[in-house]
Amino acid sequence: MFRAINEKPVIIKAPGKPYKRRTDRNKVRKYRFIVQSLFAALCVWIGTEFYFFVKYLESSGMTYSPYRPPGVEGFLPISSLMSLYHFFLSGEIHPAHPAGFFILVAILAVSLLFGKSFCSWLCPIGFLSEMLGDISDKIFGRRLKLPRFADYPMRSIKYLLLAFFVWSIFFLMTPLALKAFLGSPYNLVADVKMYYFFAEISRTALVIIGVLLLLSLIFRNFWCRYLCPYGALLGILSLLSPNKIKRNPTNCIDCGRCAKVCPSFIGVDRAKTVVSDECTACLNCVDVCPVENTLKYKSVFGRRNISPKMVALGVVLVFILITGWGMVSGNWRNNITTDEYLHHQKLLESYGHPTGAGEISDLNQKANRENNNIK
Ligand code: SF4
Ligand code: SF4
């Protein structure tokens with residue numbers, strides 16, 4: 001019934017059932033750690049380059065002109081979502097933050113293929129949350145979870161935030177207003193504004209970040225599970241992914257280890273196929289399952305298993321191919337000149353973004369008026 005992969009099969013008597021122990025476990029964390037660390041290092045590198053770029057702007061161009069890393073646009077998800085919508089409406093990649101557009105498309109493609117894997121394989125915030133969760137496990141000796149009556153409504157917060165952004169962008173803004181916003185001074189230097197948000201962080205923001213870190217230390221993945229609208233979007237897309245965790249109930253010995261290690265508290269030990277917006281394809285469950293041919297990540301269309309190595313390679317390759325396509329097609333760098341950046345730097349304080357339905361309505365009217373004047 002069981003097929004040995006490596007040496008001599010080890011048959012162990014488990015309560016109720018004999019089973020053949022797997023000999024290829026505990027590899028996933030290693031693969032994920034390597035991919036997560038490389039991606040986090042890339043983010044640190046981009047952040048450092050961008051720091052020197054802002055310092056150059058602050059010096060009014062008196063120092064050596066450094067390179068502005070286009071990858072920083074990956075940290076502008078709202079602007080990138082607007083660019084994507086603009087692309088659907090017009091077929092044009094808006095030139096303000098084209099790298100952000102490609103990064104978003106790459107992340108969406110990764111989610112369609114490998115579920116919400118961006119969260120557990122690439123996202124630096126997910127990486128930090130996981131490390132905090134590991135510390136929490138050591139401190140408390142078990143995984144703490146909000147009680148069910150609080151967990152369910154809290155999980156809907158990220159969807160409400162996502163709904164707010166979708167409503168504001170896709171329903172409140174006219175195509176003209178969308179284009180006007182993408183080309184507005186605020187959006188052009190949104191990356192520099194973001195830099196100052198963190199470099200000159202207010203006491204309130206610092207307290208909020210501190211509380212979130214503390215909550216993530218107590219409750220694993222607090223930010224990701226309850227508050228991240230990006231994760232909410234990827235969670236919805238992940239439901240369309242053909243690749244899922246599948247359990248073979250015939251072989252399963254009901255040890256419950258898979259459910260115990262699941263960072264998303266999914267009852268893997270009771271499911272035949274895991275269909276959940278919370279599954280991040282971290283493969284922790286697959287990794288700990290002690291029985292051969294029992295818990296696998298596979299396509300719902302085929303019989304072939306997708307090994308952790310294939311997921312690691314797949315996630316990285318899809319990301320590199322799509323962002324690389326942006327680079328080789330000449331669409332990676334924006335068209336804002338250094339002189340324009342220096343000009344905007346002087347006016348930075350005066351730039352603000354629309355903050356509600358009223359201001360978006362003003363933007364729509366202004367865009368219409370300007371369009372009529374041009375005609
Ligand atoms: S079901 Fe498995 S792959 Fe999905 S989040 Fe839980 S442990 Fe990770
Ligand atoms: S699928 Fe889960 S419950 Fe079943 S044997 Fe594997 S780890 Fe144990």
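It should be emphasised that the depicted structure is a prediction, and the values quoted were computed from it without experimental measurement.

**Quick look at the overall build of the chain**
Inference 1: The secondary structure content of the chain amounts to 17 helices and four strands.
Inference 2: Relative to its full complement of 375 residues, the chain shows a buried share of 34%.

**Observations regarding the site of ligand 2**
Inference 1: Taken together, 15 residues sit near ligand 2, with C252, C255, C258, D269 and C289 positioned nearest.
Inference 2: Classifying every residue of the shell around ligand 2 by side-chain character gives nine nonpolar, two polar and four charged.

**Comments concerning the site of ligand 1**
Inference 1: In the neighbourhood of ligand 1, 14 residues make up the surrounding shell, with C262, C279, C282, N284 and C285 lying closest.
Inference 2: Along the lines of polarity and charge, the residues of the shell around ligand 1 split into eleven nonpolar, three polar and no charged.

**What to know about helix α1 (residues 28–58)**
Inference 1: If you check α1, its first and last C-alpha atoms are 44 Å apart, about what 31 residues at 1.5 Å a residue would give, namely 45 Å.
Inference 2: Among the residues of α1, those classed as buried are V28, R32, V35, Q36, F39, F50, F53, Y56 and L57.
Inference 3: On its buried side, α1 packs onto α4 (117–122), α5 (124–140), α9 (190–199), α14 (284–288), α15 (308–328) and α16 (338–347).

**Some thoughts on the environment of T323**
Inference 1: Locating T323 in the fold gives a position in helix α15.
Inference 2: On the basis of neighbour counts, which here come to 19 C-beta atoms within 10 Å, the residue T323 falls in the partly exposed class.
Inference 3: Spatially, the C-alpha atoms of T323 and G100 are 9.4 Å apart, while their sequence positions differ by 223 residues.

**Description of the packing of helix α2 (residues 77–90) against helix α3 (residues 98–114)**
Inference 1: Remark: α2 packs on α3, axes separated minimally by 8 Å, with the N-to-C direction vectors making an angle of 85°. Considered as vectors, α2 and α3 are oriented roughly perpendicular to each other. Contacts between α2 and α3 involve P77, S79, S80, L81, S83, L84 and F87 on the former and, on the latter, G100, F101, I103, L104 and V105.
Inference 2: When the residues that make up the contact of α2 with α3 are grouped by side-chain class, the tally is eight nonpolar, four polar and no charged.

**Section: the environment of I34**
Inference 1: Considering the arrangement of structural elements, one finds I34 in helix α1.
Inference 2: Here I34 falls in the exposed class, since 11 other C-beta atoms lie within 10 Å of it.
Inference 3: Linking I34 and W121, residues 87 residues apart in sequence, is a C-alpha distance of 9.2 Å.

**Side note on unusual backbone geometry**
Inference 1: Despite not being glycine, L283 shows a phi value in the positive range, around 65°.
Inference 2: Tracing the backbone shows L283 in the loop between α13 (257–261) and α14.
Inference 3: Although it is not a glycine, N293 sits at a positive phi angle of roughly 50°.
Inference 4: Relative to the helices and strands, N293 is located in the loop between α14 and β4 (295–299).

**Looking at the packing of α3 against helix α12 (residues 229–238)**
Inference 1: Closest axis-to-axis distance for the α3/α12 pair is 8 Å, and the angle between their directions is 40°. Here α3 lies oblique to α12, going by the angle between them. Relative to α12, α3 is oriented so that their crossing is right-handed. Contacts between α3 and α12 involve L108, S111 and L112 from the former and L234, L237 and S238 from the latter.
Inference 2: Of the residues belonging to the contact of α3 with α12, the class tally is four nonpolar, two polar and no charged.

**A short note on the confidence of the model for the chain**
Inference 1: Looking at the chain, pLDDT values average 88 and 89% of them are 70 or higher.
Inference 2: Taken element by element, the chain is modelled with least confidence in strand β1 (residues 11–14), mean pLDDT 47, and with most confidence in α3, mean pLDDT 97.
Inference 3: pLDDT under 50 marks residues 1–13. Its contacts with residues more than four places away, or in other chains, come to 22 contacts.

**As for the pairing of strand β3 (residues 243–247)**
Inference 1: Most of β3 is tucked away, with four of its five residues classed as buried.
Inference 2: Strand direction decides the pairing type here: β3 and β4, joined by five bridges, are antiparallel. The residue bridging N243 from the neighbouring strand is S299, located in β4.

Criteria and cut-off values
Residues numbered from 1 in each chain as written. Chains lettered and ligands numbered in written order. Predicted model: local features only at pLDDT ≥ 70, side-chain atom pairs only at ≥ 80, totals over all residues. Helix = DSSP H or I, 4+ residues; strand = E, 2+ residues; numbered from the N terminus. Buried ≥ 20, exposed ≤ 12 C-beta atoms within 10 Å, placed from the backbone. Near = placed C-beta within 6 Å. Nonpolar A, V, L, I, M, F, W, Y, C, P; charged D, E, K, R; others polar. Expected span 1.5 Å × (residues − 1). Contact = placed C-beta atoms within 7 Å. Axes fitted to C-alpha atoms, helices over the stretch in contact; angles between N-to-C directions. Parallel < 35°, antiparallel > 145°, perpendicular 65-115°, else oblique. Left-handed = near helix turned anticlockwise from the far one by under 90°. pLDDT = per-residue confidence, 0-100. Pairing = 2+ DSSP bridges.

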